[in-house]
Amino acid sequence: MIKTIKITELKVGMYINLPTSWRAHPFLRNSFTITSNKQIQKLADYGIKEVNIDEIKGLPSNASIKEVEEPEKDFSQDYKVVAEKLHEVLTDKKIEPAKRAEAIHLRTADMMKNLWENPSPEKIGQFKKSVVGIVDLVLSEDATNSYLLNITSYDYDTYIHSVNVGVLAISLAKVILKKENKHDMNALGAGFFLHDLGKIHIDEAIINKPGKLTDEEMAIMRRHPGMGFNLLLETKQISEESKLIVLQHHERYNGLGYPKKLRGEEIHIYARICSVADVFDALVSKRPYKSQLNHFEALRLMKNEMIEHFHKDVFEKFVMLFK
Ligand SMILES: [Fe+2]
């Protein structure tokens, strides 16, 4: 029997039926059993006030919360679901490019979020397999990729930023490295998507601070390339060169970056590509403490005020992506 209840009455163990549009709620499935209070909080955060529950498939509306224990979270199972959802939109070429790009973007961000919760070497290996489809799309489907490149209207979060940088950097690598066959674009793509993985060890209060970081906070923030690199050391799925993306993406061409103050060609070309995409996405993203720039304004600022941070040829080819 279907019953409508207030979100405050929803409990672990109840089976809910959500609206069928994926825009209407934050979950991958529309109907499922609530397995944690976090899910209930997520629905409330999304502004959902009432839900339909199926009292045959799950607990009835008058169930006592004390009778219900939260089951252990099965990360690998969750990951399968998000990876399948991404695979669906990557392979369904009947969807028009703009909508498909939006769905791919959203599903990839879901996958990043899932990976962030538990970045085991096994899961990073699975992630690399999922990235293959996105890399293929960027390399071969110009229409959808052009929409993907232009999705910047989202509020900033680490997952969305990782997807944006991944797509931008693969597109740039395609132009810069296209004549050379020696590059494993899939490993490279995984490196771009995972460039900020080390931030899982940084306090969210620092990552999301709405203002300038103190010297001490900045010192902590500057550890994320090294910590991300260390996380990847254990995985054999990502090539050694692609791991350098994570370690060197904040190095600057003029030697004023971090963590090692590398200069010019000392910085691996993969990391030089990633740094341009990374800075651009930071400029065009919405953040509470700064105004959001459009593509043109961001590129102009990079050219006029930051050009010494980048490899000239890499930056010029990046600009051409938007012509
Ligand atoms: Fe970073």
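Residues numbered from 1 in each chain as written. Predicted model: local features only at pLDDT ≥ 70, side-chain atom pairs only at ≥ 80, totals over all residues. Heavy atoms only, no water.

A. Seen up close, the overall build of the chain. Broken down by element type, the chain carries 14 helices and four strands. For 323 residues, the compact-globule formula gives about 20 Å, and the C-alpha radius of gyration of the chain, at 21 Å, lands near that figure. If one aligns the C-alpha atoms of the chain with their principal axes, the spans along those axes are about 65 × 50 × 40 Å. Burial statistics for the chain: of 323 residues in total, 50% are counted as buried. Sequence-distant contacts, at least 24 apart, represent 66% of the contacts inside the chain between residues at least 6 apart. Total accessible area on the chain is roughly 16,700 Å²; 51% of this is exposed by carbon and sulfur atoms. Side chains of the chain give 46 positive and 45 negative charges; the mean places of these two sets differ by 3 Å. (Helix = DSSP H or I, 4+ residues; strand = E, 2+ residues; numbered from the N terminus. Rg over C-alpha atoms; globule rule 2.2 N^0.38 Å. Buried < 20%, exposed > 50% of the residue type's maximum accessible area, 1.4 Å probe, protein only. Contact = heavy atoms within 4.5 Å. Areas by Shrake-Rupley, 256 points an atom, 1.4 Å probe, with all protein chains shown as cover. Lys, Arg positive; Asp, Glu negative; His and termini not counted. Charge placed at Lys NZ, Arg CZ, Asp CG, Glu CD.)

B. Looking closely at the packing of helix 6 (residues 158–177) against helix 7 (residues 185–193). At a minimum axis separation of 8 Å, helix 6 and helix 7 run at an interaxial angle of 145°. When the axes of helix 6 and helix 7 are compared, the crossing they make is right-handed. Contact residues: Ser162, Val163, Val165, Gly166, Val167, Ala169, Ile170, Ala173, Lys174 and Leu177 in helix 6; Met185, Leu188, Gly189, Phe192 and Phe193 in helix 7. In the contact of helix 6 with helix 7, the residues fall into 11 nonpolar, three polar and one charged. (Axes fitted to C-alpha atoms, helices over the stretch in contact; angles between N-to-C directions. Left-handed = near helix turned anticlockwise from the far one by under 90°. Nonpolar A, V, L, I, M, F, W, Y, C, P; charged D, E, K, R; others polar.)

C. Highlighting the sheet that holds strand 2 (residues 15–17). Read across the open sheet, the four strands follow the order 1-4-2-3; overall the sheet is antiparallel. Edge positions in the open sheet fall to strand 1 (2–6) and strand 3 (31–33), since each of these has one partner strand only. Between one strand axis and the next, the sheet turns through 35° on average, direction left out of account. Bridging between strand 2 and strand 4 (residues 50–54) involves two bridges; their strand directions are antiparallel. Pairing of Ile16 across the sheet is with Ile53, part of strand 4. (Pairing = 2+ DSSP bridges.)

D. View of the coordination of the iron ion. Every protein donor of the iron ion is accounted for by Asp196 (OD), His224 (NE2), His249 (NE2) and His250 (NE2), and the metal-donor separations fall at 2.1 to 2.3 Å. In this structure, the iron ion is coordinated by four donor atoms arranged in irregular fashion, with angles at the metal of 85 to 174°. Mapping the donors of the iron ion onto the primary sequence yields the spacing D-x27-H-x24-H-H. Of this pair, Asp196 sits in the loop between helix 7 and helix 8 (204–207) while His250 sits in the loop between helix 11 (240–248) and helix 12 (269–284), placing them 54 residues apart in sequence. Take Asp196 and His250: they sit in the same class, and that class is buried. (Donors = N, O, S within 2.8 Å, 3.2 Å for Na, K, Ca; no water. Tetrahedral: all angles 85-135°; square planar, octahedral: opposite > 155°, others 65-115°.)

E. Spotlight on the side chain of His311. Along the chain, His311 falls in the loop between helix 13 (295–305) and helix 14 (312–320). Ignoring sequence-local partners within four residues, the contact set of His311 consists of Tyr253, Glu265, Ile269 and Arg272.

F. The arrangement of the environment of Glu9 in detail. Secondary-structure assignment places Glu9 in the loop between strand 1 and strand 2. Residue Glu9 is classed as partly exposed on the basis of its relative accessible area, which comes to 37%. Separated by 182 residues in sequence, Glu9 and Gly191 have C-alpha atoms that sit 43 Å apart.

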